[in-house]
Amino acid sequence: MKSAKHKMCDFYDANEFLSQAIHIDDKIDIISKTLSDIYANCDLMKSRMYGFEKVQTSLNKSNFENAIIKLTEQKERLTEELKKLVDLKVQIIQTIENVQDGEARRFLRWIYLQGETVRSYGEIFGYSEKTASRRKLDALSKVVIPKDKITL
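### A word on the packing of aromatic side chains
- Applying the stated criterion to the full structure yields 5 aromatic pairs.
- Seen in terms of ring centroids, Tyr 121 and Phe 125 are 4.6 Å apart; in terms of plane orientation they differ by 45°. Their pairing is tilted. Placement of the pair is Tyr 121 and Phe 125 together in helix H5 (residues 118–125), with a separation of 4 residues, close to one helical turn.
- Phe 125 gets classed as partly exposed once you look at its relative accessible area, which sits at 28%.
- Each ring, one from Tyr 121 and one from Tyr 127, has its centre 6.1 Å from the other, and the planes form 10°; the classification is stacked.

In structure tokens:
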């Protein structure tokens, strides 16, 4: 009985780790768009500050500089977050690709990289939903989670 509990924990851990991939592309897109906006705002503010620095008071110049500093800090934070997301996605892909069983690997790609459902997998590949659910447990049992796994 102890080993059954241990295996269920492994299924849970593998599912939890791989599930991070499901919306990762959306998060990467949002951060990339936000970074583009920050770069555009920094450039706009720098050009305004440069053009007006002879006529602006030091208070207004200071406000511009503070705003640029805040945008730069946000840019650095988002760049780090983006790097972590990309590293996580690569790690998840490598984890799935390291599964030796081709059917299990195909299933894991379908669910965790393409964001499809167990039901749709069964429909496409000719399995009942119950059989597809068992295939999921079988596939998860073959996952080796990296010791240095990245988590969000």
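### Some points on the nonpolar core
- Ranked by size, the top nonpolar core spans 31 residues in total, and within it Leu 18, Ile 92, Leu 108, Tyr 112 and Leu 140 carry the most contacts.
- Within the residue set of this core, elements represented by two or more residues are helix H1 (2–19), helix H2 (24–52), helix H3 (58–97), helix H4 (102–113), H5 and helix H6 (129–141).
- Counting residues per element, this core draws most heavily on H3, at 7 residues.
- Aside from chain neighbours lying at most four places away, what touches Leu 140 is Phe 11, Ala 14, Asn 15, Leu 18, Leu 108 and Tyr 112.

### What to know about the pattern of salt bridges
- In this structure the tally under the stated criterion is 9 salt bridges.
- Salt-bridge contacts for Lys 89 lead to Asp 25; the nearest nitrogen and oxygen are separated by 2.6 Å. Highlighted residues: Lys 89 in helix H3 and Asp 25 in helix H2, separated in sequence by 64 residues.
- A relative accessible area of 36% means that Asp 25 is categorised as partly exposed.
- Two residues, Arg 77 and Glu 81, come together in a salt bridge whose shortest N-O distance is 3.7 Å. Here Arg 77 and its partner Glu 81 are both found in helix H3, 4 residues apart, which amounts to about one turn of the helix.
- What makes Arg 77 partly exposed here is its relative accessible area of 48%.
- Three or more residues joined by partner-sharing salt bridges are found here, namely Asp 101, Asp 138 and Lys 142.

Calculation notes
Sequence order as written defines the numbering, with residues in each chain counted from 1. pLDDT decides what is reported in this predicted model: residues at 70 or higher carry local features, side-chain atom pairs at 80 or more are listed and counted, and totals for whole chains, interfaces and linings draw on all residues regardless. As a rule here, side-chain values come from all non-hydrogen atoms in the structure, and water together with hydrogens is ignored. Under the pairing criterion, centres of Phe, Tyr and Trp rings, with the six-membered ring standing for Trp, must be within 6.5 Å; the plane angle then separates stacked pairs below 30 degrees from edge-to-face pairs above 60, leaving the rest tilted. Secondary structure follows DSSP: runs of H or I at least 4 residues long count as helices, runs of E at least 2 residues long count as strands, and numbering of each begins at the N terminus. Throughout, exposure labels follow a simple rule: accessible area from a 1.4 Å probe, protein chains only, divided by the maximum for the residue type, with under 20% read as buried, over 50% as exposed, and the rest as partly exposed. Put simply, a nonpolar core is a bunch of buried Ala, Val, Leu, Ile, Met, Phe, Trp, Tyr and Cys residues held in one set by side-chain atoms that sit within 4.5 Å of each other. Residues are treated as being in contact if the distance between any of their heavy atoms lies within 4.5 Å. When a carboxyl oxygen of Asp or Glu lies within 4 Å of a side-chain nitrogen of Lys or Arg, that pair is called a salt bridge.

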